[in-house]
Amino acid sequence: MVSFENEGRLASTRGRETALDCVSAGIDAARPDRVVDETVHLDDDGLHVGDATYDLSNVDRILVVGGGKAADGVATALEDVLGERIDAGAVVTPEPAESGRIERWEGDHPVPSQAGVEGTDRILDLVTETDDRTLVLAIITGGASALLPSPAEGISLDDLQTTTDALLDAGAEIGDLNAVRKHLSTIKGGGIAELSAPARVVGLVFSDVVGNDLSVIASGPTAPDESTYEDALDVLRRYDVDPPAAVRDRLEQGAAGNLPETPRPADPAFDRVDNHVIADAFTAIEAAQEVAHERGYDTCILSSSVRGEAREAALTHVAVAEEMDSTGNPIESPAVLLSGGEVTVTVRGDGVGGPNAEFALAAAVDLPSSTTLACVDTDGYDGSSDFAGAVVDADTVDDVPAAHRALANSNAYGFLGGREAVLSTGATGTNVNDLRVMVVE
C-alpha cells in the first residue's frame, strides 16, 4: 500500500491512524496494475474491457498510445496482458519507466514542455498510420492535457505555457481550462479519434474529472467535443486572462468561423470509438469506505463531486462535522465521512499553495475537537507542490492569526510543515483526483 513519509509520527491518534489508512487504501485501489487486472482480460482472440469484448481475429495490428500520470503503469499492465500482440506504442508520462513494447516518453505537468511535444509527435506518427484492421488502445489518464501538448498551427509551445500558467494562477476549473487547451491543440478535443480513423479505438480512461465527463478528462482526445472557440474566449474573459497575441488571434479566427471546430458527437470519426472509464473517484472512495467499516466505523459518502474554492468547500465539511456533534445528522458518530472531486485555489500570494493543503488548513481552524481530516491529491502532488496533502485535527492550529495569514498568502504548506500535518508520498502512479476522509469520534 501507499505509505507516507514519517507515518509513525503522523498517526499519533486513533482518528489520524484511521484517516491515513483510509487514504492509503483509496490511492492503492486506483493504482493501474490493480485496475487493469480487474477490468482487462485476454481470452484467446477475445479482449475483454469491462463488459465489452473485442474480437482480435479481425485485427492485424494493436497500437497502444496515450498519456497522463497513470499512463506508465497502465502501459506496463497492458504489456502483461497482451504481451507480443502489441505491435507498437508510445505514452507520455511524468516519470517514465524503461520502455518495453510500448515506448515511454517523459513530459511535464501542469505546464507543457518541449519533451512532451516530442512524445506527442511520436503518438501522432503512430495513429496516422492506421487502417480498419488496426486496434488502437488509448490510455487516457489525468494530467494528459499538459503531458500531451501538440500546438495547433500558429501556436508555439511558449504560447501554450503562458496561457496555461495564467489560467492556473486564476483558479480556472478544469473544464474551463480544457476548453481553451482543446482549441489550441491538434490532439485534444477528439484529435486522437479523428487522426486514428478508420481504426477501432478503445479508450482506457482513469478519470480525474468531476462527473467523468469524457470530453474533459485529459481534454478528451478520444471523445466528441461540445465546446467552441467562443467558449474558449469566454473563459479568458471570465478569468481576466490576457493571452499571447497568437492565442487570441486563433480563438477569434475560430469564433468567426474561419477555422474548423473540434469534432462533434455526430462526426464519423467516432463511429468506431468506445471509451471505458475503468477508474474514477469512486474507486478510491469505496476502498477507503471498506477500511473504515473494517475499523468499526459507520460511513457516509458526502459527494464524489466536490468542487469550487478549497477554503469554502472546507467550511461545508466542517459544518457537517458540527451537525453530527450537535444533532447526529446525517449520521451518528463514530463515523467516517468521505468525499472526492476537485477543489481549486485562486493564488493570492507567493506561497506554495496546494488546494488540499488550503482545504485542510481552512478546516483545521474550526474543526470540532472530535474530528480528524485527511485530504490528498491521489497522484501524490497537490497542485504545484511536492506534497500529497495534509492531515489535521483541532490541535493542528495553535496560532489562528498565523493560520489566517498563511491562507491569505496561499501558503498553507508553510504553516502546516512544522506541525506534523503534511502528507508526502511522492508520485503514486495514479490520478483519480482528490480524496478526503473525515473521522468523527
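Right above here is the structure, for reference.
This write-up is about the structure you can find in this document.

Reading the values: rules and limits
- Counting restarts for each chain, with residues numbered from 1 along the sequence as it is written.
- Restriction of local features to residues with pLDDT of at least 70 applies here, the model being predicted, together with a cutoff of 80 or more for giving and counting side-chain atom pairs; totals for whole chains, interfaces and linings are based on all residues.
- Each side-chain value is worked out from all heavy atoms of the structure, with water and hydrogens disregarded.
- Only protein chains enter the area calculation, which uses a 1.4 Å probe; residues under 20% of their type maximum are buried, those over 50% are exposed, and those in between are partly exposed.
- By the criteria applied, helices consist of DSSP H or I runs no shorter than four residues and strands consist of E runs no shorter than two, each listed in order from the N terminus.
- Read the arc as the range of directions from the helix axis to the C-beta atoms.
- Contacts were defined at the residue level, with two residues in contact if any of their heavy atoms lie within 4.5 Å.
- Residues with no salt bridge and a relative accessible area higher than 30% make up the patches, which join like charges within 9 Å and nonpolar side chains (Val, Leu, Ile, Met, Phe, Trp, Tyr) within 5 Å.
- Each accessible area value is a Shrake-Rupley result obtained with a 1.4 Å probe; residue values ignore everything except the protein chains displayed when judging cover.
- The salt bridge criterion pairs a side-chain nitrogen of Lys or Arg with a carboxyl oxygen of Asp or Glu, the two atoms within 4 Å.
- Two residue types count as positive, namely Lys and Arg, and two as negative, namely Asp and Glu; His and chain ends fall outside the count.
- Throughout, a charge is located at the NZ atom of Lys, the CZ atom of Arg, the CG atom of Asp or the CD atom of Glu.
- With axes taken as lines fitted to C-alpha atoms, and helix axes fitted only over the stretch in contact, angles between N-to-C directions fall between 0 and 180 degrees.
- Note that the term roughly parallel is reserved for angles under 35 degrees, roughly antiparallel for angles over 145, roughly perpendicular for angles of 65 to 115, and oblique for everything else.
- The crossing is said to be left-handed when, going from far helix to near helix, the turn is anticlockwise and less than a right angle, and right-handed when the turn is clockwise.
- All amino acids are sorted into three groups, where Ala, Val, Leu, Ile, Met, Phe, Trp, Tyr, Cys and Pro are nonpolar, Asp, Glu, Lys and Arg are charged, and the leftover types, Gly among them, are polar.
- Pairs of strands are assigned from DSSP output, requiring at least two bridges between the strands.

**Thoughts on helix H11 (residues 245-255)**
- Among all positions of H11, only Val247, Arg250, Leu251 and Gly254 are buried. Buried residues of H11, seen end-on, are gathered within an arc of 95° and therefore sit on one face of the element.
- Tucked into the core, H11 has its buried residues touching helix H7 (157-169) and helix H10 (229-238).
- A positive phi of about 90° marks glycine 257, the residue just after H11.

**Observations regarding a negative patch on the surface**
- On the surface, Glu118, Asp121, Asp125 and Glu129 cluster together into a negatively charged patch.
- Relative to the assigned elements, glutamate 118 resides in helix H5 (residues 114-127).
- On the basis of relative accessible area, glutamate 118 is assigned to the partly exposed category, the value being 41%.

**Points about the side chain of threonine 372**
- Relative to the helices and strands, threonine 372 is located in strand E12 (residues 371-377).
- Residue classification places threonine 372 among the buried residues on the basis of a relative accessible area of 6%.
- Ignoring any residue separated from it by four or fewer positions in sequence, one finds threonine 372 in contact with Thr13, Gly15, Arg16, Ala19, Val391, Val392, Asp393, Val437, Met438 and Val439.

**Considerations on the packing of H7 against helix H8 (residues 174-182)**
- The contact between H7 and H8 brings their axes to 10 Å, and the two run at 165°. The angle between H7 and H8 falls in the class roughly antiparallel. As for how H7 packs across H8, the hand of that crossing is right-handed. Side by side, H7 and H8 meet where Thr163, Thr164, Leu167 and Leu168 of the first sit next to Leu177, Val180 and Arg181 of the second.
- Of the residues in the contact of H7 with H8, the class split is four nonpolar, two polar and one charged.

**As for the pattern of salt bridges**
- Scanning all chains against the criterion turns up 25 salt bridges.
- We note a salt bridge from arginine 14 to glutamate 441, for which the minimum N-O separation is 3.4 Å. In this pair, arginine 14 sits in helix H2 (residues 14-29) while glutamate 441 sits in the segment after strand E15 (434-440), placing the two residues 427 residues apart along the sequence.
- Of the charged contacts in the structure, one is a salt bridge between glutamate 358 and arginine 311, with a shortest N-O distance of 2.8 Å. Highlighted residues: glutamate 358 in helix H14 (residues 355-364) and arginine 311 in helix H13 (residues 310-327), separated in sequence by 47 residues.
- Judged by its relative accessible area of 1%, glutamate 358 is buried.

**Description of the pairing of E15**
- For E15, the buried fraction is high: seven of the seven residues fall into the buried class.
- Side chains Asp434, Arg436, Met438 and Val440 project from E15 onto one buried face, and the interleaved Leu435, Val437 and Val439 project onto a second face that is buried too.
- Across seven bridges, the pairing between strand E11 (residues 335-344) and E15 is antiparallel. Residue pairing in the sheet places glycine 340 in a bridge with leucine 435 of E15.
- Relative to E15, E12 runs antiparallel, the two sharing seven bridges.

Note that all results are geometric; they support no functional claim without further evidence.
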